[in-house]
Amino acid sequence: MNTRQILIYIGVIIFSIYFLFPLYILILVAFNSPKYTIFSLYPSLLLQAPTLSNLIIGLTQYNFVEPFLRSLGTATLVGVLSIALGIPAGLGLSRLSYKIAYPITLLLLITNMMPSISIAVPIAAEFIRAHLFNTIPGLALAQTLITLPLATFILEGTFSAIPLEIEYQARLDGASVFQALWRILIPMAAPGIVAAFLISWMFSWDEFTFAVILMPITPTLPVEIYYNITRGDMLAAVAFSLIFTIPVVVITLLLQKYLRGEYLAGGIKR
Amino acid sequence: MVNKRDLSYFLLALPAIVYVGYFAFYPAFKVIILSFWDPATSSFSLVNYKSLSYFNPGGAAINTIIISLGALFVQLLIALGVASILANEFRGKRAFSVITTYSLGIATVVSAIAFSLIFQPVGGYANTLLHLLGSKGIDWYSNYYLKVFVVDIADSWKNTPMMILILLSGMMSIPQEIYYAAAIDGANMLNRFIHITLPNLLPFIAIALIIRGVSEFNIFALPLILIGFHPPLLTTLVYELYSTGASVYLSYAAATILIGFISIFILLNILIGRRR
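What counts, and where the lines are drawn
- Residues numbered from 1 in each chain as written.
- Chains lettered and ligands numbered in written order.
- Predicted model: local features only at pLDDT ≥ 70, side-chain atom pairs only at ≥ 80, totals over all residues.
- Heavy atoms only, no water.
- Contact = heavy atoms within 4.5 Å.
- Buried area = accessible area lost by both parts, 1.4 Å probe.
- Salt bridge = Lys/Arg side-chain N within 4 Å of Asp/Glu carboxyl O.
- Polar contact = N/O pair within 3.5 Å; in protein donor to acceptor, adjacent residues only side chain to side chain.
- Helix = DSSP H or I, 4+ residues; strand = E, 2+ residues; numbered from the N terminus.
- Nonpolar A, V, L, I, M, F, W, Y, C, P; charged D, E, K, R; others polar.
- 1 Å grid on protein atoms, 1.4 Å probe; cavity = no way out; pocket = protein on both sides within 12 Å on 5 of 7 lines; lining within 4 Å.
- Points joined across faces, edges and corners; volume = space filled by probe spheres on them.
- Buried < 20%, exposed > 50% of the residue type's maximum accessible area, 1.4 Å probe, protein only.

### What about the interface of chain A and chain B?
The parts lose accessible area when they come together, and the size of an interface is often stated as this lost area. Contacts between the two partners involve 93 residues from chain A and, on the opposite side, 91 residues from chain B. Where chain A abuts chain B, roughly 8,200 Å² becomes buried across the two surfaces, and 77% of that area is made up of carbon and sulfur atoms. Broken down residue by residue, the surface that chain A buries against chain B is led by A:F19, A:Y42 and A:M113, which jointly contribute 10%. Counting across the interface, chain A meets chain B through 1 salt bridge. Among the salt bridges present, the one from B:K30 reaches A:E126, with a minimum N-O distance of 2.7 Å. Inspection of the region where chain A meets chain B yields 10 residue pairs in polar contact (both at pLDDT 80 or more). Here the side of chain A that touches chain B gets 18 residues from one element, more than from any other, and that element is helix α1 (residues 3–31) of chain A. Its residues assigned to classes, the side of chain A that touches chain B shows 69 nonpolar, 15 polar and 9 charged.

Take a look at the structure:
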C-alpha cells in the first residue's frame, strides 16, 4: 500500500464511524435493556442485555397503529397528487420553448425554497374555515408543495428523454396532445413516474413542519414521535423510529439511481 | 406570439401553476400583508413588529445565521473529505458511498432522537466517549455554544450527503488530464487539491452552499426537539408565537422576517442560475 491508499482508508474509517455511530446508537438503545442505556450515567457502547421488550412495549402500550396508518394515507395521497399534477407539468415543461418554460421553472424553484412554517400558519387559518384542518386530505394538499417541484423536474427529465418523433407520429395519426400523453407517453415514462411517486411518498412520510401545524390533534408518525419525546417516552420514540425508518430504507435502496444531487437540489442542472 | 402548440403544453402545466399559486404564493402574500395589519384599529401599521420586538426577533435572526453558518461549515468540511475519497477508485468504494449517503433518507425526527440519545445533559453516549478518554461528562445544553454545536452536528449528519453528492458530481467533471500533468510536474496530493480541485470545484461549492443555506434557514424539527425554544431561531419563534396563541399576528410578523431572509437566497439562486 502506498501513502495515498493509506490516507484513503484512514479517511474511510473516520467518516464511516461518523455516519454509522448515530444509527448504531439508535439500534443499541432499541435492543438493549434500558438499565444499560437511558438509565445509565455512562451508557455502554456494547449490547449488554439483548431484549425485545422495548420494541414490544413501545408498539403495544403506546398509540402506534393509528399514526402509522395516517402517515401511510397522507404519504400515498401526496404521491398521487404529485404525479397527477407533475406528469402534465413535466411534459409541458419538457416541450415548451425556453421563454415560457423558464418562468414556470422559476415558480417551482421558488416554491421549493419557500419556508414551510411561514406559509403553514396562514394555511392553518384557511383550513379551519374550509374544514380541512387536522384532516389527511388537507395535510396532503400542503405537503405536495414540497414534493411537486421535485416530481415535476424528475418527470420533465423523463419526458425530455422520449424522442419528439414518437409524439409527432401519434399526432399525425390524429391523436390530440392529451391522447398522445395518455396512450403513448405515460407508458413510456413509467420508470420516471414510479420514481417521482416514491420520492414524493418518502418526503411526505418524513415531513414534520406542515404536519405539526396542520394536523396536531390526530398526528402523523413524525409528530407522534415528537410528542413521545416531549412526554419523556424515549423508548417508545426509539421503537417507533425504527419501524418508521424501514420503508424509507427500502425506498432509498430502490431509488439509488434517482437520488442524485441534481434532482434533490431541485433542478440544479438548469 | 404564442402558437397553438405552446398553448396546449402550457395548459398541461397550468394545474401545477394554479396549485402552487394558491397554496404557496397566496399564503406567503397573505402573511406579509397581515403582518402589517393592526386588528385593534383595523388599519395598516407597524404595531405587530413593535410587539414582536419584545420577543427579540433580531436575536432569533442572529441565532439562525450562526446555526446555519456553523452547519454549512461542518457539512462543507466533511463533504470535501468524503467526496475527495469517493473521487478515487479503491476496494469497498460502493459500501463507503452507501454509508456516507444513507442518512439522507433518515427522517429529521429520527435523527433528532439519535442525537438526543448521544447528547444527553446527564448520561448519553457522547459522555461515555468522554469518560473512556478519561474526562468527566458534561451537560451539552449548559451554554449557548454547546447547544449550537449539538444542533449543527446533528444537522450535518442528515444533510451532509446532499452536499457530498453535489461536490462529487463537480469533482467528476474535472478532466483527469490536469491531474496527470500536475503529477508529472511533481505536485503532491495537497498541492493538487489546493491548486486544481478547489478552484474547479468553486461553482459547485457555491451552488451547494446556497441550496443548503436555504434549508438551514428553515431548520425547524431538529432544534425544536434538541434545544426547544431557547435559544430561539426564526422558525421556532414563529411556532412558539403560533402555538402558544400569544397573537397570530405576531407569528405573521416573525414569519414575514423569515420570508425576507429566504428571499435573499431565492434572488441569489436566480442570479447564479442565469449565469449558468
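On we go.
### Let's talk about empty space enclosed by the protein
Counted under the stated rule, the structure contains 4 cavities of 30 Å³ or more. In this model, the largest cavity occupies a volume close to 60 Å³. Every residue lining the largest cavity is listed: A:P122, A:I123, A:E126, A:F127, B:Y22, B:F23, B:Y26, B:P27 and B:K30. Elements with a minimum of two residues in the lining of the largest cavity: α5 (116–129) of chain A together with α1 (4–35) of chain B. Counting residues per element, the lining of the largest cavity draws most heavily on α1(B), at 5 residues.

### With respect to the pattern of salt bridges
Tallied over the full model, the rule gives 5 salt bridges over all chains. Note that A:R231 is salt-bridged to A:D233, the shortest N-O span being 3.7 Å. Given a relative accessible area of 52%, A:R231 falls into the exposed group. With its nearest N and O atoms 3.2 Å apart, the salt bridge here joins B:K93 to B:E89. Judged by relative accessible area, B:E89 falls into the exposed class, the value being 68%.

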